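The lines below spell out each chain.
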Amino acid sequence: MTGFLLQRLLATIPVMAVVAVVVFLLLHLGPGDPAAVIAGDYATPEDIERIRDRLGLNEPLHVQFLTWIGQVLTGDLGISIFSNLPVAQLIAQRVEPTLALSLGTLLVTVVVAVPLGVAAAWRAGAWLDRCLMGGAALAFAVPVFVIGYILIYVFAIKLGWLPVQGYRPLADGAGPFLRHLVLPVVALSFVFIALIARVTRASVLEVLGEDYIRTARAKGVTTFRLLRRHALRPALVPVVTVIGIAFALLVGGVVVTESVFNIPGLGRLTVDSVLRRDYPVIQGLILVFSAAYVITNLVVDLLYSVLDPRIRG
Amino acid sequence: MTAAPGRPVLAIRDLTVALPVDAERAHAVEGVSFDVEAGEIVCLVGESGSGKSVTAQAVLGLLPPGQLRVTGGAIELEGEDLRAAPAARLRSLRGRAMAMIFQEPMTALNPVLTVGEQVREVFETHGLLSPAERRERVIELFRSVQLPEPERLVNTYPHQLSGGQRQRVMIAMAFALEPALLVADEPTTALDVTTQARILEIMRTIQRARGSAVLFITHDFGVVADIADRVVVMRTGKVVEQGPRDEILKNPQHPYTRMLLEAVPSLDPDADDGASASAAALEVRNLSKTFAGGGWFRRGRTVEAVRDVSLVVRKGETLAVVGESGSGKSTLARCAVRLTRASSGEVLLAGEDIAQLETGALRPYRRRIQMVFQDPFRSLNPRRTVAAALVEGPVNYGVPRPEALARAKRLLGLVGLGDDALGRYPHQFSGGQRQRICIARALALEPDVLIADEPVSALDVSVQAQVLDLLADVRERFELAMLFITHDLRVAAQVADRVAVMSKGEIVETGPVADVFGNPQHPYSRALLAAAPGRGRL
């Protein structure tokens, strides 16, 4: 098991190295002078020269890369062109809201979607299954901002139970933190519940046709135990795969939800930086997102081997 | 456990199970009646589609919901009407009063739970014993089914055990609560003969010690001869005959029973196996095949599947290679037809060594050595017509299409199918018919050597006999050299002139069938023959 873990950890190094090279080249791949691109349409030649100097663009490419990678490895992601603040600090400020939103959504999704999926598989073809899967199709189809505004209208404006918008850090206390998180998490959960319920249903349905389900029934096992222990457990591998993908998507791109609920997360920082051509911030964000993907994949792989002894080999 | 005197443990009366409306026939099982007494093994025999498994599943209430449904008759377990029992009562009887063992030990155990957990679950489900006692009991049970190192084995997962060991776990699970009735659905069909013999022995020992009633489903009359007290013969959902074992085997009344028994190949080889002196068509010399595993980070283990094997098949002769699963017989066949490349050694086709030829150079030889595979359900492309399957090979080798088609028609006639088969698809044929098509496909290339890898092991015994006759017929007609791979000694005795016994990648004994079967020299050959079910009774 430790050998397996070590092997997987080592395998992430080349992936991150490739990402680093691509991120570095990002600035140089576009047409023309990167400094001129960053400076924008109304810049004076002096502005451009200043930017070029600050970014070290006058050095040879390999020197630039070594300097940059050295900084990245020590946690220095450069300085934002727009705000003149360190990129690392900008990103760090935005990590908590995004993580809170992502993990909250994931928790709600798994707790709701997996039992629904199992129930649908157990009653495949019956009305319960049809209702659940019809609901899933609907949740897929309605855009998240529509769900968000409906939730705000009902629970914040009409009933006044929850705040309309905004974010409170955990440091301000768990109560305000959670109250501000409920609506965005619920809004965002809809589509992921639909997705994961469907995957769970398909996977469990397949397992329910296996011979060992019949063996369990022949033992006199109760339906609940049959579904939980004999059907769901072997069915979890594809479900965990999709949960991993869902988490990666959540970390990287919940711009719409962040905008609707006015949450200062990584998604909005990304959009703002792209619009401002704030290259150092964009580069930093890509590195962070890539690392999140790689770590998520690693966790999913490890979960596989926990869930299925055959993968442990 | 002990039934009231005179009352059978299981009584089935007029059982009828309906098939879905669009099925071939209206009932899977119709008007079936029989009893199983305490301490008795009743064998339910029949070919595929006879309704024997459906009957077994109906007893435990395990029929696939929504597809099959009991529509008439009664099933009584120790006097209790199971059809009237509510679901909760049925669940509490399952595992406790009646248990079941299934055919496929590979898939019948949950792959993500340890085997110990799965046996323990029987006690948990029925709320019996404390956790510590359960652990104790499982180890005891594992010992009683002769699993090695029970203390260690309880913590292993199914994929870490062999097929025979998994079936022992299933038996331990079934006998855990000492059920009055055990239903075993082809429990040894997927196992090797020597493993089968041991498993049957274990089942019988435990069954005798506990006086359980056993309903044993099988298609194998050898197994019937070995373990049955009474026999019930089924055909297309109905019981055609039942009675004590010796009466059924020695003096069958119903023509169907007689036909089934006659179709069972005898272990005594045909008398006319004179040594053949014709030219060698296929010769294998010192062939070895090693599989190496592993990847970038891991050192793989290597498996020597075939080790230094030499054999000769002459024109017009059949050489049977017999052995258990994992003995390397299929790998040998695949190396001989060059589906895989041997690690070392020679494969001589009419004197030319093809063992290491490159793909292009090999092409002219491919036509001359053809293969028939085990599973006729999967070895034909489901989306291509029979005509397309038969014509493709010859056309590849430059035969004009009309001529290839004419040849296909002739061959279909030869294998007992009409011209109308040409335009049809594989799924429209039965297993036996498909295997005939596969044989015709191989013959379409006019080969010198035919390699048949377990060609009849997926077929019912009556169909098996017909396909074996067909193979003997085409071998004679075309003077084919035939290499016949089988695990079934009875089949080998029927088709072969000579036999080679394989074990762990090596040929341990080879010679004329009469010599090897009549007077086996190698200890492994002797063990294999001794394990053949129904020896001396059929």
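Below is a summary of the structure that appears in this document. Worth saying up front: this structure is predicted, and the values here are computed from it rather than measured.

**As for the overall build of chain A**
- Across its full length, chain A holds 14 helices and zero strands.
- The N-to-C order of helical and strand elements in chain A reads α-α-α-α-α-α-α-α-α-α-α-α-α-α.
- With respect to the principal axes defined by its C-alpha atoms, chain A has extents near 80 × 55 × 35 Å.
- The proportion of buried residues among the 313 residues of chain A is 42%.
- Counting contacts in chain A only where the partners sit at least 6 residues apart, residues at least 24 apart contribute 71% of the total.

**Topic: the overall build of chain B**
- Helices and strands together make up the secondary structure of chain B, namely 19 helices and 20 strands.
- Taken against the 2.2 N^0.38 rule, which gives 24 Å for 538 residues, the C-alpha radius of gyration of chain B at 25 Å falls within 12% of a compact globule.
- Counting every position in chain B, which comprises 538 residues, the buried fraction comes to 54%.
- A fraction of 69% describes how many contacts in chain B between residues 6 or more apart in sequence connect residues 24 or more apart.
- When the accessible surface of chain B is summed, it comes to about 22900 Å², and 47% of that surface belongs to carbon and sulfur atoms.
- A gap of 5 Å separates the mean positions of the 63 positive and 65 negative side-chain charges of chain B.

**A look at helix H13 (residues 386–396) of chain B**
Residue and element names in this part refer to chain B.
- Those residues of H13 that fall on the buried side of the exposure criterion are Val386, Ala387, Ala388, Leu390, Val391, Gly393 and Pro394.
- Tucked inside the fold, the buried residues of H13 contact helix H14 (401–414) and helix H15 (431–443).
- Following H13 by one or two positions, Gly398 adopts a phi angle in the positive range, close to 90 degrees.

**Concerning the interface of chain B and chain A**
- Taken together, the contact between chain B and chain A spans 32 residues of the former and 22 residues of the latter.
- Note on chain B versus chain A: buried area summed over both sides is about 2500 Å², and carbon and sulfur give 55% of it.
- When residues of chain B are sorted by the area they lose upon contact with chain A, Arg91, Val112 and Glu121 of chain B head the list and together hold 23% of the total.
- Where chain B meets chain A, there are five salt bridges.
- Among the ionic pairs, Lys219 of chain A bridges to Glu121 of chain B, the shortest N-O distance being 2.8 Å.

**Some thoughts on the packing of helix H5 (residues 87–122) of chain A against helix H10 (residues 223–252) of chain A**
Residues and elements named next belong to chain A.
- At a minimum axis separation of 9 Å, H5 and H10 run at an interaxial angle of 145 degrees. Judged by the sense of rotation from one axis to the other, the crossing of H5 with H10 is right-handed. Contacts between H5 and H10 involve Thr98, Leu99, Ser102, Leu103, Thr105, Leu106, Val110, Val114, Val118 and Trp122 from the former and Thr223, Leu227, Leu232, Val239, Ile243, Phe247, Leu250 and Val251 from the latter.

**Considerations on the packing of aromatic side chains**
- Scanning the entire structure with this criterion turns up five aromatic pairs over all chains.
- Their ring planes at 70 degrees and their centres at 5.0 Å tell us that Phe24 of chain A and Phe65 of chain A sit as a pair that is edge-to-face. Of this pair, Phe24 of chain A sits in helix H1 (residues 2–29) while Phe65 of chain A is found in helix H4 (residues 61–73), placing the two residues 41 residues apart along the sequence.
- Among the residues examined, Phe24 of chain A registers a relative accessible area of 6% and is labelled buried.
- Taken together, a centroid distance of 6.2 Å and an interplanar angle of 80 degrees make the contact between Tyr167 of chain A and Phe177 of chain A edge-to-face. Of this pair, Tyr167 of chain A sits in the loop between helix H7 (144–158) and helix H8 (174–208) while Phe177 of chain A sits in helix H8; the two residues are ten residues apart in sequence, bridging distant segments of the chain. In this structure, Tyr167 of chain A and Phe177 of chain A share a single accessibility class: buried.
- Clustering of aromatic rings is evident, with ring pairs tying together Phe24, Phe65 and Trp68 of chain A.
- Taking the ring centre of Tyr397 of chain B as reference, the NZ or CZ of Arg363 of chain B above it sits at 4.7 Å.

**Brief notes about empty space enclosed by the protein**
- Tallied over the full model, the rule gives five cavities of 30 Å³ or more.
- What the largest cavity holds in volume is close to 80 Å³.
- Around the largest cavity, the lining residues are Thr215, Ala218 and Lys219 of chain A together with Gly95, Ala99, Met100, Val122, Met170, Met173 and Ala174 of chain B.
- Mapped onto the lining of the largest cavity, the elements with two or more residues apiece are helix H9 (211–218) of chain A together with strand E6 (98–101) and helix H6 (163–175) of chain B.
- Taken as a whole, the second largest cavity encloses approximately 50 Å³ of empty space.
- What lines the second largest cavity is simply Ile41, Leu200, Met203, Arg204, Gln207, Val214, Phe216 and Ile227 of chain B.
- At the level of elements, helix H7 (193–210) and strand E8 (213–218) of chain B are the ones that each hand at least two residues to the lining of the second largest cavity.

**Some remarks on the nonpolar core**
- Counting residues in hydrophobic clusters, the biggest one holds 94 residues, and the most contacted among them are Val17, Met98, Phe142, Leu181 and Phe216 of chain B.
- Residues contacting Phe216 of chain B, with those up to four places away along its chain left out, are Ile41, Val42, Cys43, Leu44, Ala184, Pro187, Leu200, Met203, Val223 and Ile227 of chain B.
- If you look at the next biggest cluster of nonpolar residues, it comprises 67 residues, including Phe24, Val87, Ile193 and Ile196 of chain A.

**What to know about unusual backbone geometry**
All names here are of chain B.
- Not every positive phi belongs to a glycine, and Glu178 is a case in point at roughly 50 degrees.
- Within the secondary structure, Glu178 is located in the loop between H6 and strand E7 (181–185).
- Unusually for a residue other than glycine, Glu454 sits at a positive phi of about 50 degrees.
- Mapped onto the elements of the fold, Glu454 is located in the loop between strand E17 (449–453) and helix H16 (461–478).
- In this structure Glu454 comes out as buried when scored by relative accessible area, which is 8%.

**Things to note about the sheet that holds strand E13 (residues 318–322) of chain B**
Residues and elements named next belong to chain B.
- Taken in spatial order, the six strands line up as E16-E17-E18-E13-E19-E20 in an open sheet, and their pairing is mixed. Both edges of this open sheet fall to strand E16 (369–372) and strand E20 (506–512), since each of them pairs with a single strand only. In this sheet, adjacent strand axes meet at a mean angle of 20 degrees when their direction is disregarded.
- With six bridges connecting them, strand E19 (residues 498–503) and E20 associate as antiparallel partners. Across the sheet, residue Val499 finds its bridge partner in E20, namely Gly511.
- In the packing of helix H11 (residues 329–336) onto the sheet, contacts are made with E13, E16, E17, strand E18 (481–486) and E19, and the angle to E18 comes to roughly 150 degrees.

**Thoughts on a nonpolar patch on the surface**
- On the surface, Ile150, Tyr153, Val154, Ile157, Leu159, Trp161 and Val164 of chain A cluster together into a nonpolar patch covering about 670 Å² of accessible area.
- Considering the arrangement of structural elements, one finds Trp161 of chain A in the loop between H7 and H8.

**Digging into the pattern of salt bridges**
- Evaluation of the coordinates by the stated rule reveals 33 salt bridges over all chains.
- Across the salt bridge formed by Glu117 of chain B and Arg229 of chain A, the nearest N and O atoms sit 3.9 Å from each other. Here Arg229 of chain A lies in helix H10 and Glu117 of chain B lies in helix H3 (residues 115–125), a pairing that spans two chains.
- In this structure Arg229 of chain A comes out as buried when scored by relative accessible area, which is 14%.
- With its nearest N and O atoms 3.0 Å apart, the salt bridge here joins Arg152 of chain B to Glu149 of chain B.
- Here the residues in one salt-bridge network are Lys219, Arg225 and Arg229 of chain A together with Glu117, Glu121 and Glu124 of chain B, joined through shared partners.

Scoring rules and cut-offs
Residues numbered from 1 in each chain as written. Chains lettered and ligands numbered in written order. Predicted model: local features only at pLDDT ≥ 70, side-chain atom pairs only at ≥ 80, totals over all residues. Heavy atoms only, no water. Helix = DSSP H or I, 4+ residues; strand = E, 2+ residues; numbered from the N terminus. Buried < 20%, exposed > 50% of the residue type's maximum accessible area, 1.4 Å probe, protein only. Contact = heavy atoms within 4.5 Å. Rg over C-alpha atoms; globule rule 2.2 N^0.38 Å. Areas by Shrake-Rupley, 256 points an atom, 1.4 Å probe, with all protein chains shown as cover. Lys, Arg positive; Asp, Glu negative; His and termini not counted. Charge placed at Lys NZ, Arg CZ, Asp CG, Glu CD. Buried area = accessible area lost by both parts, 1.4 Å probe. Salt bridge = Lys/Arg side-chain N within 4 Å of Asp/Glu carboxyl O. Axes fitted to C-alpha atoms, helices over the stretch in contact; angles between N-to-C directions. Left-handed = near helix turned anticlockwise from the far one by under 90°. Phe/Tyr/Trp six-rings, centres within 6.5 Å; stacked < 30°, edge-to-face > 60°. Lys NZ or Arg CZ within 6 Å of the ring centre and 35° of its normal. 1 Å grid on protein atoms, 1.4 Å probe; cavity = no way out; pocket = protein on both sides within 12 Å on 5 of 7 lines; lining within 4 Å. Points joined across faces, edges and corners; volume = space filled by probe spheres on them. Core = buried A, V, L, I, M, F, W, Y, C linked by side-chain atoms within 4.5 Å. Pairing = 2+ DSSP bridges. Patch = residues over 30% accessible without salt bridge, like charges linked within 9 Å, V, L, I, M, F, W, Y side chains within 5 Å.

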